[in-house]
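# What the coordinates show
Here's the letter readout for the chains.
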Amino acid sequence: LLRWLCSLESNADEVYQWALRWIAYPIQHPGAKLKTTLVFHGLQGAGKNLFFETVAAIYDEYAAVVDQRAIESQFTDWASKKLFAVFDEVVARNEVFGLKNLIKCLITGRQIRINPKNTAAWDETNHMNGVWLSNEDRPAAVELFDRRYLVIYTPPALSERYYMDVKRCLQHGGREALHHYLLHLDLGDFHEHSKPPMTRAKSDLQSISAGTVERFFIDWTKGDTRHPVCPCGSGQLYKAYQRWCGQQGEKFRAQNILSNYVGKQPGWDLDRKDIFSTAHYSGTASRTRMVLPPDDILSKTATQRADYRKKPDQTEAQWATDGYFAFHASLASGSVDGADD
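Here we summarise the structure given alongside this text. Everything numeric in this text was worked out from a predicted model, so none of it was measured. (Residues numbered from 1 in each chain as written. Predicted model: local features only at pLDDT ≥ 70, side-chain atom pairs only at ≥ 80, totals over all residues. Heavy atoms only, no water.)

### Looking at the environment of His-29
With respect to the element layout, His-29 can be found in the loop between helix H2 (12–28) and strand E1 (37–41). Separated by 127 residues in the primary sequence, His-29 and Pro-156 place their C-alpha atoms 34 Å from one another. (Helix = DSSP H or I, 4+ residues; strand = E, 2+ residues; numbered from the N terminus.)

### Here we look at the pattern of salt bridges
This model, assessed by the stated rule, comprises eleven salt bridges. Across the pair Asp-204 and Arg-200 runs a salt bridge, and its minimum N-O distance is 3.9 Å. Of this pair, Asp-204 and Arg-200 both sit in helix H7 (residues 200–209), four residues apart, roughly one helical turn. With a relative accessible area of 39%, Asp-204 lands in the partly exposed category. For the salt bridge of Glu-316 with Lys-273, the shortest nitrogen-to-oxygen distance reads 2.8 Å. Taken together, the residues Glu-316 in helix H12 (residues 316–332) and Lys-273 in strand E9 (residues 269–275) connect sequence positions 43 residues apart. What makes Glu-316 partly exposed here is its relative accessible area of 37%. (Salt bridge = Lys/Arg side-chain N within 4 Å of Asp/Glu carboxyl O. Buried < 20%, exposed > 50% of the residue type's maximum accessible area, 1.4 Å probe, protein only.)

### What about the pairing of strand E7 (residues 149–153)?
For E7, a buried count of four out of five residues is recorded, marking the element as mostly surrounded by other parts of the structure. Pairing of E1 with E7 involves five bridges; the strand directions are parallel. Its bridge partner lying in E7, His-41 is registered against Tyr-153. (Pairing = 2+ DSSP bridges.)

None of the figures reported here should be taken as evidence of function without further support.
Structure (structure tokens):
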């Protein structure tokens, strides 16, 4: 059943094996706190709840099946002493961003605040691992560089007879057999910090969850805009972002939001560089606030016609000037006049 739930991915076997080890690891290492989580979403009836509630039953009183009301409640005694949780339809579309930080805390937080009704609250060490199940297209807000989620979009339901066979199996020792299998599964090099494989379902969810800044950044760095991936003025990049929003029919956000986002991405930098007044490195250089891509991104996007990596014989000012004027040319080819900063 789990293999079927993972079957839509092009790397379905890799995803299945990783999910299986994720489930088995805390059973073989009681109390282990994984730094990742599973998100299974798709149409009703595929068997998401059937499988993961069977896993929860292995933990008996140390597991919980949690609904929307429980996770939004100020009372969190449901989380006390839990090792495994099935979060069932806990993130509705209009609440997804409000619950994002709480979800992160449950996934990777070292402690949980337990707040029972009419009793003083206390802190417990967080040993709970959880899986998130939903019939929604957008069950969680997955950020562009988030490595915590294994996201699976489940296939349509199989025949009713198939699920009756699964239930009959469970009634005759299937849960115990699953427990035994997980206890003896070869985990290979899997550990608490193992990163999940990328899936198409996660990529789709990232696109749905992303705002205009994130989506523009993805399109630009993938080469899906007319603008080269190279050192450029922060004002130049903002003008390109404004144009992109116009093409998408979206409202653009403030320039500082774009700059802050880009500056926080791994390896990216915002810094002031000397830019010559011409592309031939002549004239008086002026200090300009620049967006500087990391070397690995410049290497990936380099072609024979356009390579914006810094050459050994170039100065920082010459390198930055090359990128500035290349980006200027891409802006000048549009409907709005040239670059500014």
